[in-house]
Amino acid sequence: TPWTIDYLSPPDGAVLEVGGMGFMDDGDMVVSTRRGQVWRIENPESDNPKDAIFTLICEGLHEGLGLAILNNEIYVMQRSEVSKLLDLDGDQIIDEVQTITQDFGMSGNYHEFGFGLPVDREGNMYFSLNVGFWNPHWWHGKSRAPYRGWVLRLSPDGNVTPIAGGLRSPAGMGLLEDGTLLVTDNQGDWMAV
């Protein structure tokens, strides 16, 4: 099957830097951005990319580098938490950001990004956490907070379970049809001499 590339035209002046995306039941695309925004896009698969309509539905988040749609509800992986975005009045604009979990550490280091959120058949979400970079060698990642450098599983009842550690910047995640979780790590700390 050949692949095609579609280019959507975001609103003038918008810098999206998409970190996560998913689709609502009605076919609308939802994207989260590194800049803390969430956009809903009507007609994302239109033959004419200019027919895609972008609506900013949430802003002020802390680097939304992961997103999942589960039961037509929007979840975002922020640097400091997994959040559920709530539209309380049905106007498709987010009225409340609900914390689902913060059961992992964060020191505030600039490199402590969070990624995810693939969802398995049981409704578990998976997310990964970068280590921070510290002196004296900025490229030596260290976990000065719990679970930095880990992949974690968030169960539907809100329990967080660490499942893999020893990572540096596990920025890519995906699930195979058989439930196998794939994780890609950014380069390690090894430096050629």
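Starting from 1, residues in each chain are numbered consecutively following that chain's sequence as written. Owing to the predicted nature of the model, reporting of local features is limited to residues with pLDDT of at least 70; listing and counting of side-chain atom pairs is limited to 80 or more, with chain, interface and lining totals taken over all residues. Water and hydrogen atoms play no part in the side-chain values, which are based on all heavy atoms of the structure.

1. A look at the overall build of the chain
For clarity, the threshold we go by: By the criteria applied, helices consist of DSSP H or I runs no shorter than four residues and strands consist of E runs no shorter than two, each listed in order from the N terminus. In this description the radius of gyration comes from C-alpha coordinates, and the expected globular size is given by 2.2 Å times residues to the power 0.38. Any two residues whose heavy atoms approach within 4.5 Å are treated as being in contact. To measure how exposed things are, a 1.4 Å probe is used in the Shrake-Rupley method; for residues, cover is taken only from the protein chains shown.
A count of helical and extended segments in the chain gives zero helices and 16 strands. On C-alpha atoms alone, the chain measures out to a radius of gyration of 17 Å, which is about the 16 Å that the 2.2 N^0.38 rule sets for 193 residues. When its C-alpha atoms are laid out on the principal axes, the chain stretches across 50 × 40 × 35 Å. The long-range share in the chain, meaning contacts at least 24 apart out of those at least 6 apart in sequence, stands at 41%. For the chain, the exposed area adds up to about 10800 Å²; of that, 50% sits on carbon and sulfur atoms.

2. Quick notes on unusual backbone geometry
Filter applied, for reference: We call a residue buried when its accessible area falls under 20% of the maximum for its residue type, exposed when it is over 50%, and partly exposed in between, using a 1.4 Å probe and counting protein chains only.
Between Gly116 and Leu117 the backbone carries a cis peptide bond, its omega angle lying at 20 degrees. Of note in this structure, Asn72 is not a glycine but carries a positive phi near 65 degrees. Overall, the relative accessible area of 33% leaves Asn72 in the partly exposed class. A positive phi angle, near 70 degrees, is found at Tyr147, a position not held by glycine. Positionally, Tyr147 belongs in the loop between strand E12 (141–142) and strand E13 (151–154). Here Tyr147 falls in the partly exposed class, since its relative accessible area comes to 32%.

3. Digging into the sheet that holds strand E10 (residues 125–129)
For clarity, the threshold we go by: If DSSP finds at least two bridges between two strands, the strands pair. Simply put, an axis is a line fit to the C-alpha atoms, just over the touching stretch for a helix, and the angle between two N-to-C directions goes from 0 to 180 degrees.
Read across the sheet, four strands follow the order E9-E10-E13-E14 without closing on themselves; strand pairing throughout is antiparallel. Strands with a single pairing partner mark the edges of an open sheet, and in this sheet they are strand E9 (114–119) and strand E14 (160–164). Strand-to-strand, the axes of this sheet are offset by a mean angle of 25 degrees, without reference to chain direction. Alignment of E9 against E10, held across four bridges, turns out to be antiparallel. When the sheet's bridge partners are listed, Gly116 is paired in E10 with Phe127.

4. Structural notes on the pattern of salt bridges
Let me state the cut-off plainly: Salt bridges are identified by distance alone: a Lys or Arg side-chain nitrogen within 4 Å of an Asp or Glu carboxyl oxygen.
Under the criterion given, the structure shown has six salt bridges. Its salt-bridge partner being Glu17, residue Arg34 comes within 2.8 Å of it at the nearest N-O pair. Linking Arg34 in the loop between strand E2 (29–33) and strand E3 (38–42) with Glu17 in the segment before strand E1 (18–23), this pair joins segments that are 17 residues apart in sequence. Judged by relative accessible area, Arg34 falls into the partly exposed class, the value being 38%. Of the residues examined, Glu17 reaches a relative accessible area of 33% and is grouped as partly exposed. Of the charged contacts, one joins Glu17 and Arg35 as a salt bridge, the two residues approaching to 3.3 Å between their closest N and O atoms. Taken together, the positions of Glu17 in the segment before E1 and Arg35 in the loop between E2 and E3 put the pair 18 residues apart, joining distant regions of the chain. Look at the salt bridges and you will find they share partners, linking Glu17, Arg34 and Arg35 into a network.

5. Thoughts on a negative patch on the surface
For the record, the criterion: Like-charged residues are merged into a patch within 9 Å and nonpolar side chains (Val, Leu, Ile, Met, Phe, Trp, Tyr) within 5 Å, provided each residue has over 30% relative accessible area and no salt bridge. Within this scheme the basic residues Lys and Arg register as positive and the acidic residues Asp and Glu register as negative, but His and the chain ends are omitted. Lysine's charge is taken at NZ, arginine's at CZ, aspartate's at CG and glutamate's at CD.
Where like charges cluster on the molecular surface, the negative patch consists of Asp6, Glu45, Asp47 and Asp51. Assignment of secondary structure puts Asp6 in the segment before E1. For Asp6, a relative accessible area of 58% gives the class exposed.

6. Considerations on the environment of Leu129
Along the chain, Leu129 falls in strand E10. Residue Leu129 is classed as buried on the basis of its relative accessible area, which comes to 0%. Sequence-wise, Leu129 and Gly149 are 20 residues apart; in three dimensions their C-alpha atoms are separated by 5.4 Å. The contact partners of Leu129, leaving out residues within four places of it in the chain, are Met77, Phe104, Phe113, Gly114, Tyr147, Arg148, Gly149, Trp150, Leu152 and Pro170.

7. Digging into the pairing of E1
The pairing of E1 with E2 spans five bridges and is classified as antiparallel. Residue Gly22 lies in a different strand from E2, and its bridge partner there is Val30. Remark: five residues form the turn of the hairpin made by E1 and E2, two consecutive strands paired antiparallel; Gly27 in that turn has positive phi of roughly 95 degrees.

The values reported here are purely geometric and, on their own, carry no functional implication.
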